[in-house]
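# Per-entry structural report
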Amino acid sequence: MTLKPLMDRLIVEPEELEQKTESGIIIPDTAKEKPQQGKVIAVGDDVESIKEGDRVVFEKYAGNEIKLDDKKYVILKEDEVLAKIVD
């Protein structure tokens, strides 16, 4: 199944955070912070400054989380993206 975002929306696959601390303590799922960055999977027709494949930073509680084919995605508005990650 494929998702196509409408208007100024984009679909981001969040990047999972490290599951253990530097000292080796494993962090349980209930204590993990929400991801704030990810890879753009698809963009709507009205999105101008972001393209598929970009890595972006977004607001912590922005967008709507969905699960499709056992993967988690976030549907965001373009203005909820704070920055692009440039390698």
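Residues numbered from 1 in each chain as written. Predicted model: local features only at pLDDT ≥ 70, side-chain atom pairs only at ≥ 80, totals over all residues. Heavy atoms only, no water.

Take the pairing of strand β1 (residues 9-14) next. Two strands pair when backbone bridges link them, and β1 and strand β5 (residues 71-77) are joined in this way by four bridges, in the antiparallel orientation. Paired with V12 across the bridge in β5 is V74. As paired elements, β1 and strand β2 (residues 37-43) share five bridges and run antiparallel to each other. Within β2, the residue paired with V12 across the bridge is V40. (Pairing = 2+ DSSP bridges. Helix = DSSP H or I, 4+ residues; strand = E, 2+ residues; numbered from the N terminus.)

Summed over all chains, the structure comprises seven salt bridges. Two residues, K71 and E13, come together in a salt bridge whose shortest N-O distance is 3.7 Å. With a gap of 58 residues between them, K71 in strand β5 and E13 in strand β1 connect regions that are remote in the sequence. E13 sits in the partly exposed class, given a relative accessible area of 25%. The salt bridge partner of R55 is E15, with a shortest N-O separation of 2.8 Å. Pair noted here: R55 is in strand β3 (residues 55-58) and E15 is in the loop between β1 and β2, with a separation of 40 residues, a long-range link. For R55, a relative accessible area of 25% translates into the label partly exposed. Via salt bridges that share partners, E15, R55 and D87 belong to a single interconnected network. (Salt bridge = Lys/Arg side-chain N within 4 Å of Asp/Glu carboxyl O. Buried < 20%, exposed > 50% of the residue type's maximum accessible area, 1.4 Å probe, protein only.)

With that settled, consider the sheet that holds β2. Spatially, β4-β5-β1-β2-β3-β6 is the arrangement adopted by the six strands of the open sheet, whose pairing is antiparallel. Strand pairing shows two members of the sheet lacking a second neighbour, β4 (64-68) and β6 (81-85), which therefore form its edges. On average, each strand axis in the sheet is inclined to that of its neighbour by 40°, with strand direction left out of account. Bridge count for β4 against β5 is five bridges, and the pairing is antiparallel. Within β5, the residue paired with N64 across the bridge is I75. (Axes fitted to C-alpha atoms, helices over the stretch in contact; angles between N-to-C directions.)

With that settled, consider unusual backbone geometry. A positive phi angle, near 55°, is found at D69, a position not held by glycine. Mapped onto the elements of the fold, D69 is located in the loop between β4 and β5. Among the residues examined, D69 registers a relative accessible area of 57% and is labelled exposed. The phi torsion at D70 lies on the positive side, around 65°, for a residue other than glycine.

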